[in-house]
Amino acid sequence: MARDDVKTGYKLIGTRPNRPDGLDKVTGRARYGADFSLPGMLHAAVVRSPHAHARIVKIDASKALALDGVKAVVTRADLPTGLTGEDLNLQDNTLAGDTALYDGHAVAAVAASSALLAQDAARLIEVTYEVLPHVTDVDAAMAPGAPVIREGVADYSVPEGMHGNVARYMEFGHGDVEAGFAAADIVRAQTYRTEATHQGYIEPHACVGQMGEDGRGEMWVCTQGHWYIRRMCAAVLGIEAANLRVTPSEIGGGFGGKTTIFMEPLSLALSKKAGGRPVKLVMSRSEVLRATGPTASASMDVKLGMKTDGTITAGQVYFRMQGGAFRGMSPIGEALPCAFACYDIPALKHEAVEVIANRPKAAAYRAPGSPMAAFAVESLVDEMCRELKLDPIAVRLKNGATNGSKSSYGPVYNVIGLKETLEAAKAHPNYAIPLGPNQGRGVASGFWFNHGGETSVTLAVGEDGTATVMIGTPDIGGSRASIGLMVAETLGIPYENVRVNVVETGALGVNEPTHGSRATFASGKAAVEAARQAIAEMCRRAAADWGIDADAVEWKDGAAHPAGPNAGKHPPMTIGEIGSKMGSTGGPISGHHEVTAEGVGASFGTHVVDVEVDPETGRTTVLRYLVVQDAGTAIHPAYVEGQYQGGAAQGIGWALNEEYVYGADGRLQNPVFLDYRIPVASDLPMIDTVIIEVPNPGHPYGVRGVGETGITPPLPAVASAIAGATGARIRSLPCSPPKVLAAIKAART
Amino acid sequence: MARVHLWASLRRFAEGQEVVEVDAATVGQMLDALERAHPGLGPAIKAGLSVAVDGEVIANNRSAPVKPDSEVFLLQRLKGG
Amino acid sequence: MSKIHVSTTVNGDPVEFLADPRETLLDALRNQLDLTGTKEGCGTGDCGACSVTVDGTLVCSCLMLAAEANGKRVETIEGMAREELHPLQRKFIEHAALQCGYCTPGILVAAKALLERNPDPTDTEVRYWLAGNLCRCTGYDKIIRAVQDAAAEMRQDHRGAA
């Protein structure tokens, strides 16, 4: 059920016009990362470590360079030294230093006149390795006797006495948890585990880079954030950021995995070495899975105290996460505050460690940390609800965070919509459908902070009264349409008269990537301010023409109207009329707005899932799935629904099938889509959505980001539904058929 | 004086205190004053923090105002995906 | 290794090119013929982003060698619209059945092949037919709705024309 019945008084906001890039995408004309070519272009291939951990003794590229058509080889020796911190991490991940840290770690790159030749040349680059002991499991990486895989990785936060692979430590909380547990009627503690998953975007990373002898360059790349790409490439290569212009292509999915660099600097380094010829570098699917940024794996202890009436008296979590072989990459900093974010609990203790392991450098994946934390906490809440025979929605309503309640991590919530999502889930027909044999129902709630961040937008009025908006946030899910709607609403002109373009780094001030569910919120907010600035200027032009005070002009329905004592004395002047004269009334009319956007509103969601489990095969079929989530204001409801459904599908995949499988040799066993199994069309039912609208006071149209929250509730909801269907609780994802069968068997004994 | 709450694992850099009082009119002044009073907090501040001032999350704005009686929480810098 | 001369018809146009013996049809379409609408998602025939039809049969062009296209009739996404958009293309836009759009060409080609065989499929038949086309953004819900809406319109047109 959509939000068409909710009145907002908007003319355009809340409607469902066609998105501006739709035609290009259904005809194949849209240009993605690998769809761009330049004259004289070379093709690149990357040599990667086949070992989980190995010292690089020698790299011999002579045979490769001897091939006709091979134009350049780069190794770490071609990159500048002296970097520190995260810049050094990025450089280390672009090309290994003296040690390969994971299976797939890049060691060298080659550019040649064709892609096949580049691959042939890559195979001729001889690398001598000295294999070292490795560790890939998060708990094994901290166990006594586990090899310390990098020296000095701990930062200031790690207390004395922790294992050498511990990179970061966090602890916070409030209240007296021991007293809280003492006051409970039941206290339960469990350990939950999630395995690493990949964002699974269908488009592999791809770029075309060109850099001359003077260190100036350009890049075409599929990315969620081209200013980040510019800054990171510049740091890794030791050039100035302004010397690099980065243009974003259309992007075939990102979900956080394309907010950083993996191989992009290599195209520029190869280009420079090849005399400035452009170099195209496209990753294969197995390179994407082995050597980009999957999410962390986690091992999580949860303890909760609950009274028989469902009141939660205290909660405690200890999370252990690995984000690859680099400090700072696991989402412990987000997972901990998310753990109890949906609740108002008087006593909480949160603790987490990040360990390093011989795995790729983790990147953000849609609400990083939130799904793992929710799997742990929401599963235990569900276990205790079942034990006490309490309704899971009732318990969440009883303990749920609300307006003005103090969040688990410190700030006080302003206006939030958690309870509204719970009430809507409870009232939905799906919640009342009777369940048959081998069927179960799971409920879970989830949360994401959302984000503002650095934003820069410019708007220009055309001579024909149309408006062109330049934004810096690549369009992943329809934000061009949403921003177009907000600008059209503000200007009072038709949606079709607004054109929203994502422009390159040379055309705008800095923009943070499209991540954190910020594009519609932050670029939208800045676009509205830019439109208001243009409106103010257009009113001044009209006032000058009429010979009245600028204050005495108001803007309505796409035109300037004389107001106050002058009302009615002049006919309105439309944006088209003002635009056609602007050259002679003062010059081009624009508006712009630059801000680190604040006023962010969190988005809460509640999901209900019904499953049927085949007790002979352990296969879980999802019968029904309901997403209820607070969007603040749904600017374009179809794209909000799309985010809800897409997040749910990824969460279902994570809950049922997806996992990184590492062998005893530390190599990734399933770097292909056949074996890294994401949901296909026949795995899923229709996904019902309910858009709740509790407007965010911090945005002119009430927007809350919606992209990320949706992936959080499916992990615990699906596991809880399976528990309902089988009597067996699975605490280690994914709930794949062999594990379901094993759990059913164990529950019977 | 604004009251700044330190998360548990930061307290050892401030002689074990959970709440530190700071004289500051902006978030930037508050962070600078914290670091001057407790240099051990320097690395955490440099690593990047968000703050919540009187309930509102300020992700990255040194000029955001802090009142004499503000309640401030330090948070890890949040990323999205 | 010397190249192989390939003569084929793509979207109704006769074309010729020289193919490396190892070159896939997908590579030839994209790099030799500048038809970049067909995408590579995996290179192993698991994702369907490279879907085309060859002599009317739906294939993963990443699993076929360019040389094998000699003498055959290849249809890609670029040939789907004639004087106007195919109903499937129109319905995908109307139903917001795409987000990033990367899987869309493959899904449209596959859905067209389905409706040519079975003009009135059930939702389950549509889902199983499209099970070889991965989408990571939409959860497939709006895709199924768009396909069914296009199928209904095409059945109507067919009845009207008959």
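A. Molecular detail of the overall build of chain C. The number of helices and strands found in chain C is 5 helices and 5 strands. Counting from the amino terminus, helix and strand elements in chain C follow one another as β-β-α-β-β-β-α-α-α-α. Rg of the C-alpha trace for chain C: 16 Å, near the compact-globule value of 15 Å for 162 residues, within the 12% margin. Dimensions along the principal axes, computed over C-alpha positions, put chain C at roughly 50 × 35 × 25 Å. The buried share among the 162 residues of chain C stands at 55%.

B. Broad picture of the confidence of the model for chain B. Averaged over chain B, the pLDDT score is 89; the fraction of residues at 70 or greater is 98%. Across chain B, the secondary-structure element scoring lowest on mean pLDDT is strand β4 (residues 56-58) of chain B, at 82, and the one scoring highest is helix α1 (residues 27-37) of chain B, at 94.

C. The arrangement of helix α3 (residues 85-94) of chain A in detail. Buried within α3(A) are the following residues: L90(A), Q91(A), D92(A), N93(A) and T94(A). Residues of α3(A) that are buried sit in contact with β5 (106-112), α6 (226-237) and α7 (264-273) of chain A.

D. Representation of the pairing of strand β11 (residues 244-248) of chain A within the structure. All names here are of chain A. Judged by which residues are buried, β11 turns out to be one-sided: L244, V246 and P248 face inward and are buried, whereas R245 and T247, on the alternate face, are not. Pairing geometry for strand β10 (residues 217-221) and β11, over 5 bridges, is parallel. If you follow W220 over to β11, its bridge partner there is T247. Between the parallel elements β10 and β11, the chain passes through α6 in a crossover that is right-handed.

E. Representation of the domain arrangement of chain C. All names here are of chain C. Along its sequence, chain C is carved into domain 1 (4-79) and domain 2 (87-161). Here domain 1 and domain 2 have C-alpha centroids that lie 22 Å from each other. Taken residue by residue, the interface counts 13 residues in domain 1 and 11 residues in domain 2. Considering each element in turn, the side of domain 1 that touches domain 2 owes the most residues, 3 residues, to strand β3 (residues 51-54).

F. Molecular detail of the packing of helix α2 (residues 87-94) of chain C against helix α5 (residues 141-161) of chain C. Residues and elements named next belong to chain C. As a packed pair, α2 and α5 sit with axes 8 Å apart at the nearest point and diverge in direction by 135°. Taken as axis vectors, α2 and α5 run oblique relative to one another. As for how α2 packs across α5, the hand of that crossing is right-handed. Counting all contacts with α2, which are made through P87, L88, K91 and F92, the residues of α5 involved are A146, V147, D149, A150, E153 and M154. Class assignment for the residues of the contact of α2 with α5 results in 7 nonpolar, no polar and 3 charged.

G. Layout of the sheet that holds strand β2 (residues 54-60) of chain A. Residue and element names in this part refer to chain A. The sheet built from 3 strands is open, its strands ordered β4-β2-β6 with antiparallel pairing. Looking along the sheet, the strands with just one partner apiece sit at the ends: β4 (99-100) and β6 (126-131). Taken together, the 2 bridges between β2 and β4 define a ladder with antiparallel strand orientation. Opposite R55, over in β4, you have T99 as the bridge partner.

H. Spotlight on the interface of chain C and chain A. Facing 39 residues of chain C, the contacting portion of chain A comprises 42 residues. Those elements that place two or more of their residues in the side of chain C that touches chain A are α2, α3 (104-117), α4 (123-129) and α5 of chain C. When the residues that make up the side of chain C that touches chain A are grouped by side-chain class, the tally is 20 nonpolar, 11 polar and 8 charged.

Criteria and thresholds
- Residues numbered from 1 in each chain as written.
- Chains lettered and ligands numbered in written order.
- Predicted model: local features only at pLDDT ≥ 70, side-chain atom pairs only at ≥ 80, totals over all residues.
- Helix = DSSP H or I, 4+ residues; strand = E, 2+ residues; numbered from the N terminus.
- Rg over C-alpha atoms; globule rule 2.2 N^0.38 Å.
- Buried ≥ 20, exposed ≤ 12 C-beta atoms within 10 Å, placed from the backbone.
- pLDDT = per-residue confidence, 0-100.
- Contact = placed C-beta atoms within 7 Å.
- Pairing = 2+ DSSP bridges.
- Right-handed = clockwise from strand over helix to strand, strands pointing away.
- Domains from an automatic or database assignment.
- Axes fitted to C-alpha atoms, helices over the stretch in contact; angles between N-to-C directions.
- Parallel < 35°, antiparallel > 145°, perpendicular 65-115°, else oblique.
- Left-handed = near helix turned anticlockwise from the far one by under 90°.
- Nonpolar A, V, L, I, M, F, W, Y, C, P; charged D, E, K, R; others polar.

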